[in-house]
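Listed here are the chains, written in short residue letters.
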Amino acid sequence: MLARHTLPENFRDWNTAWGVPFGFRVPGRRAVEYRLEEEDPLRYGPFGFQQTSPTREFEYPWAFFTAGVESGMKVLDVGGGLSGFQFVLDKEGCEVVNVDPSAKEDRRWSTVDGRNRWLTEDNHAELNKLFGTDVRLVMDTVQAGLADGQLEKGTFDRIFCLSVIEHVSLEEGRAMLESITELLKPGGKLLLTVDLFLDVLPFGVREANFWGSNIDVHELLKGHGLELEQGDPRELLGFPEFDYDHVVKTIPELFIGTFNPCLSQAMVLRKP
């Protein structure tokens, strides 16, 4: 399915309660990358420490409610960065692991006054302390975390991968999905969202933009043995049922990200 801009009431209430997507508004607030330096950073809430796409206003509550989150679940947030979603899951009683190799990447433009504004072990630990949470951070890819034993096969009830896949190649995305499938318990679910860029083929003329490319979702999922439990194939790029005309006609109803013009493809995949 593609995200609609009219959100259900429970989504809106959840966003209000947690300050989604950019943290609680504070008059005269400083830019996101400086907030941990302030005397009272807690006032921004868990979502106040990472720049993000406006589409998260749909994606975070959709993932939370659709997953049926329950206390005691073991969950994995793939590419969680400094997002508040992982800390909310912890506060709901889940055992949470965030796997993200961000600090290992070349982000020459990502420092402010010599401090990394993206994910590091130090600033992740600061947020755990601030929110009284115990999210475990694995600073590596899903594939490497599985291979070296940092992530254990067949142990996760839910895995969240929200707007990550479009930033990598199809080949790397398929490798991620293979590892994710191994990590899920039988009956476990993957909550997956994939951006659909409006300036990239088949909607624009570019093959890719600064943020990534339009991934063939059908090819991404093929052969992993995951069942599509929720998602409209007419609105998932690459599926035989994908209907370009339907998507274009539906655009007035859809949630369009303004940071980079994109739609959000959302689906639930279950491991038999």
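None of these values were measured; they are calculated from a predicted model. (Residues numbered from 1 in each chain as written. Predicted model: local features only at pLDDT ≥ 70, side-chain atom pairs only at ≥ 80, totals over all residues. Heavy atoms only, no water.)

Peer 1: Before we go on, may I ask you to explain the overall build of the chain in this structure?
Peer 2: Within the chain, the secondary structure is distributed over eight helices and nine strands. Over its C-alpha trace the chain gives a radius of gyration of 18 Å, about what one expects of a compact globule, namely 19 Å for 272 residues. Within the chain, contacts between residues at least 6 apart in sequence are counted, and of these 69% link residues at least 24 apart. Per element, the accessible surface of the chain, about 12300 Å² overall, is 49% carbon and sulfur. Here the chain contributes 28 positive and 44 negative side-chain charges, whose respective centroids are spaced 2 Å apart. (Helix = DSSP H or I, 4+ residues; strand = E, 2+ residues; numbered from the N terminus. Rg over C-alpha atoms; globule rule 2.2 N^0.38 Å. Contact = heavy atoms within 4.5 Å. Areas by Shrake-Rupley, 256 points an atom, 1.4 Å probe, with all protein chains shown as cover. Lys, Arg positive; Asp, Glu negative; His and termini not counted. Charge placed at Lys NZ, Arg CZ, Asp CG, Glu CD.)

Peer 1: Mind showing me how you'd approach the packing of aromatic side chains here?
Peer 2: Geometry of an aromatic ring pair is reported as the spacing of the ring centres plus the angle between the planes. With the rule as written, the count across this model stands at 15 aromatic pairs. Taking 6.2 Å as the distance between ring centres and 50° as the angle between the ring planes, the aromatic pair formed by phenylalanine 11 and phenylalanine 58 counts as tilted. Pair noted here: phenylalanine 11 is in helix H1 (residues 9-18) and phenylalanine 58 is in helix H2 (residues 56-67), with a separation of 47 residues, a long-range link. Each member of the pair, phenylalanine 11 as well as phenylalanine 58, carries the same accessibility label: buried. Taken together, a centroid distance of 6.2 Å and an interplanar angle of 70° make the contact between phenylalanine 49 and phenylalanine 131 edge-to-face. Here phenylalanine 49, found in the loop between H1 and H2, pairs with phenylalanine 131, found in helix H4 (residues 121-131); they are 82 residues apart in sequence, far enough to count as distant. The pair phenylalanine 49 / phenylalanine 131 is uniform in exposure class, with both members buried. A connected cluster of aromatic rings, assembled from ring pairs, spans Phe11, Trp14, Phe47, Phe58, Tyr60, Trp62, Phe64, Phe65, Phe85 and Phe160. Lying across the ring of tyrosine 44, arginine 35 places its NZ or CZ 4.2 Å from the centre. The ring centre of phenylalanine 156 lies 4.7 Å from the NZ or CZ of lysine 74, which sits over that ring. (Phe/Tyr/Trp six-rings, centres within 6.5 Å; stacked < 30°, edge-to-face > 60°. Buried < 20%, exposed > 50% of the residue type's maximum accessible area, 1.4 Å probe, protein only. Lys NZ or Arg CZ within 6 Å of the ring centre and 35° of its normal.)

Peer 1: Can you walk me through empty space enclosed by the protein in this structure?
Peer 2: Which parts of space are left empty comes out when a probe the size of a water molecule is rolled across the atoms. In total, this model carries two cavities of 30 Å³ or more according to the counting rule given. Roughly 40 Å³ of volume is contained in the second largest cavity. Split into classes, the residues belonging to the lining of the second largest cavity amount to six nonpolar, four polar and no charged. (1 Å grid on protein atoms, 1.4 Å probe; cavity = no way out; pocket = protein on both sides within 12 Å on 5 of 7 lines; lining within 4 Å. Points joined across faces, edges and corners; volume = space filled by probe spheres on them. Nonpolar A, V, L, I, M, F, W, Y, C, P; charged D, E, K, R; others polar.)

Peer 1: Please clarify how the pairing of strand E9 (residues 262-270) should be interpreted in this entry.
Peer 2: Regular strands have side chains that alternate between both faces of the sheet. Of all nine residues in E9, eight are buried; the element is thus mostly enclosed. Sheet analysis places strand E7 (residues 184-197) next to E9, joined by nine bridges and oriented antiparallel. Counted as the bridge partner of threonine 193 is alanine 266 from E9. Where strand E8 (residues 227-230) and E9 come together, three bridges link them in antiparallel fashion. Note on E9: the bridge partner recorded for leucine 228 is leucine 269. (Pairing = 2+ DSSP bridges.)

Peer 1: How should I be thinking about the state of the cysteines in this particular structure?
Peer 2: Disulfide: a covalent bond connecting the sulfur atoms of a pair of cysteines. Inspection of every chain in the model, using the stated rule, returns zero disulfides. A disulfide-free cysteine, cysteine 94 has its sulfur positioned 17 Å from the sulfur of cysteine 161, the nearest such atom. (Disulfide = S-S within 2.5 Å.)

Peer 1: Before we go on, may I ask you to explain the sheet that holds strand E2 (residues 95-99) in this structure?
Peer 2: The strands making up a sheet are joined through hydrogen bonds of the backbone, oriented either antiparallel or parallel. What the seven strands build is an open sheet, ordered E5-E2-E1-E6-E7-E9-E8; its pairing is mixed. At either margin of the open sheet sits one strand with a lone partner, and together these are strand E5 (136-138) and E8. The average undirected angle you get between the axes of adjacent strands in this sheet is 25°. Of the strand pairs in this sheet, E2 and E5 are connected by three bridges, and their pairing is parallel. Paired with valine 97 across the strands is arginine 136, a residue of E5. Along the sheet, helix H6 (residues 170-183) contacts strand E1 (74-78), strand E6 (156-162) and E7; its crossing angle with E7, the most-contacted strand, is approximately 150°. (Axes fitted to C-alpha atoms, helices over the stretch in contact; angles between N-to-C directions.)

It is worth stressing that arrangement in space is one thing and function is another; only the former is reported here.
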